[in-house]
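# Commentary on secondary and tertiary structure
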Amino acid sequence: MTWGKIQRPKTKSHSPMFKKVLIANRGEIAVRIIRSCRELGISVVSIYSEADAKGLHVRLADEAVCVGPAPSNQSYLNIDAIIAAAKSTGAEAVHPGYGFLAENADFARAVLSAGLTFIGPSPAAMAVMGSKTSARRAAVEAEVPIVPGTVEPLSSFGETKATANKFGYPVMLKAAAGGGGKGMRLVQGDEELLSAFETAQAEAASAFGDSSIYLEKAVERPRHIEIQIFADSRGNVVHLGERECSIQRRHQKVIEECPSPINDPILRQRMGEAAVKMAKTVNYLGAGTVEFLVADTTREFYFLEMNTRLQVEHPVTELVTGFDLVREQFRVAAGDELSFTQQDIGWTGHAIECRIYAEDPANNFFPSPGTITDLHEPSGPGIRLDSGVYVGSDVSIHYDPMIAKLAVWGRTRAEAIERLHRALDEYEVCGITTTLPFFREVVKDEEFQRGQLDTGFIERFNSRRASAPLAQPTKEETHMAIIAAALDYRNRQLKVRQSSTSRSNSWKLSGRHAALNVGRSITAKTSSKWRKP
Amino acid sequence: MEEALRLRAVLDNHDCEVVIDKLDDILRVTVDGHSYRLEAHKIGEISYLLLNDHRVYDCRVESKSRERFEVKLNKHVYGITIADPRRLKPDENSDRHQRGPTEIAAQMPGKVVRVLVEPGAEVETGAGIVVVEAMKMQNEMKTPRAGIVLSLNVSPGDTVTSGEVLATVGDKE
């Protein structure tokens, strides 16, 4: 199997690569970026908050600078401190990762004014895509379809009703200033419209301080499919195909795939071309993602938004295309040409990624911070794990609870699912609760296996899951768990006793010897302690 | 003749007895009336590898408190409470001659169901002092030493917390 064509290094014009880069992020994405830096021989400066002094991204860096206290608005969002850290360490460029300041045009401007390179697009391009309305206007300019609807806020209920009837039900009322599902209402008919209009307005006012709403035709069973694009400063813009991100909860992606289970080369090409047009309209540079809603039935697609940064789910694209997107980001930021053309890009096999969160799926995905006491990470054929933690890591309440991304590759979607199943079974995180059990159930779900995905998947899955009987452990398994707990109880008692009496300590012995003492030490101690009266 | 270790385990409101005995490198264990001969290895800080008739059980044990454990095995998570019914808290040296009063403490939170002695009573080593019920299990708290019951701090019906001193036993005047 090959991934696209063999790349020949472009030698015609070569810009010198950065010698030192500051990574303005933390966790798994900082670690991911560090890996590409190492391959390119770039020296790494990490930043950290007081809560992250022992973070993996600090341990792996060449230099690390504390930029403030734990709350991110005082540290990872502290533009002045981050710029000062870059200046004091002599970094030439700043990689923002995703989240935090990655889509903050002011930050990009501050980086540029400090005489440094921002690994990402221009502040102007970020600003256009940062606003819903200007992004929609850019789409119209690029002749990319947007969800049919109004482009200006609705002035009255009368206008809303007339507009709804013009586009036809179902329609979606959305807050103009919106996001995160606030001020958003799905309306099926005239009779529901008034109450939906009023609640959407009220929600928008309280959430965004702006009650203006607009109307879109509702896309039924929408798939959330996005296109990865890449642009260099020489005017080359390519797309690297799609990622299916329909499995979401609370408007947050949890499982992503490349290609989409639809796997339609014509649709890919049409969406890819639309995304490239969008990028060209704003004179884009670097890695970006254009998100679309795709109607499951008609395969019509509509522009949703553009993310002007690396995506969390970029590994699935990397697995299927064979390119290192972060490496390419450095390359084009340094002024080089893209190392591949559109014709070089091919898609081989299928990749799926799960976002592993420190959340309790049995308790409504409640955050589960704590210290990781043990970690068994999957590996072997087709497995890629982007993790930001280690045994002893503190998963803090201050930041996003995603601790790792597990991505798998298989020749087919079915093979990738089998591999994911296996990898999830291998994966164990102790000390905190994670979403691993949830994913183990998802991969067994028939609808998931059939690739019947849309943004309503999790809701349907949860109702199926509630009615499905849970697999019960066998009696022998239960007994073994009890025995293990009993052995641990005993060993802990012995440890306390031995340390208090400073006798020679069998706990200092390691490996097999100590292991055998599990049994031996129990009886050795009990013989004296529990003599029958 | 060595005596087996006897513990109580509680899982999902079901309590059972665990008896662990040694036979060379093999553990002889009885859980809830089922007997096993196991090969047991402790790996690292929290892993216990148990082999029963070649079947592999790789258990991860996290201790949540002195008695509460969370065991992960084959994707299942078990919340297990372990208690030593005869554990007498301050008695670390019961096989030696005791001097000074000895406190008899509750092993886990529970309710006092019976008081078996009166203050001032003379007791022999191992005599039952108080019976505490916890998680449907009745535990007889015994004195690790002979002597006089110097104080008795609880009565039937009292709720006690883990570690609470139920009685003290000391030397005769």
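Right above here is the structure, for reference.
The structure presented is a predicted model; accordingly, all values stated were derived computationally and were not measured.

### A short note on the sheet that holds strand S11 (residues 122–123) of chain B
Residues and elements named next belong to chain B. With respect to topology, four strands assemble into an open sheet ordered S9-S16-S14-S11, the strand pairing being antiparallel. Unpaired on one side and paired on the other, strand S9 (102–105) and S11 mark the two borders of the sheet. Here strand S14 (residues 147–152) pairs with strand S16 (residues 165–170) via four bridges, running antiparallel. The partner of Ser151 across the bridge, within S16, is Thr168.

### Here's the deal with the pairing of strand S6 (residues 171–175) of chain A
Residue and element names in this part refer to chain A. Within S6, five of the five residues are buried, leaving the element largely enclosed by the surrounding structure. By the alternation rule, side chains of S6 split into Val171, Leu173 and Ala175 and Met172 and Lys174, which are all buried. Where S6 meets strand S7 (residues 185–187), three bridges bridge the pair, whose relative direction is antiparallel. If you follow Leu173 over to S7, its bridge partner there is Arg185.

### Description of the pairing of strand S14 (residues 350–357) of chain A
Residue and element names in this part refer to chain A. Counting buried positions over the eight residues of S14 gives eight, a clear majority of the element. Judged by which residues are buried, S14 turns out to be covered on both faces: His350, Ile352, Cys354 and Ile356 on one side and Ala351, Glu353, Arg355 and Tyr357 on the other are all buried. Relative to S14, strand S11 (residues 252–258) runs antiparallel, the two sharing four bridges. Note that in S14 the partner of Glu257 across the bridge is Ile352. The pairing of S14 with strand S21 (residues 402–410) spans eight bridges and is classified as antiparallel.

### Re the sheet that holds strand S4 (residues 93–95) of chain A
All names here are of chain A. Taken in spatial order, the five strands make up an open sheet running S3-S2-S1-S4-S5, and their pairing is parallel. The open sheet has two edge strands with one neighbour each: strand S3 (63–68) and strand S5 (117–118). Note that S4 and S5 share two bridges and pair parallel. Within the sheet, the bridge partner assigned to Val94 lies in S5 and is Phe118. Across the sheet, helix H1 (residues 27–40) lies against strand S1 (20–23), strand S2 (43–49) and S4, angled at about 170° from S1, the strand it touches most.

Here is what the cut-offs are and how they apply
- Residues numbered from 1 in each chain as written.
- Chains lettered and ligands numbered in written order.
- Predicted model: local features only at pLDDT ≥ 70, side-chain atom pairs only at ≥ 80, totals over all residues.
- Pairing = 2+ DSSP bridges.
- Helix = DSSP H or I, 4+ residues; strand = E, 2+ residues; numbered from the N terminus.
- Buried ≥ 20, exposed ≤ 12 C-beta atoms within 10 Å, placed from the backbone.
- Contact = placed C-beta atoms within 7 Å.
- Axes fitted to C-alpha atoms, helices over the stretch in contact; angles between N-to-C directions.

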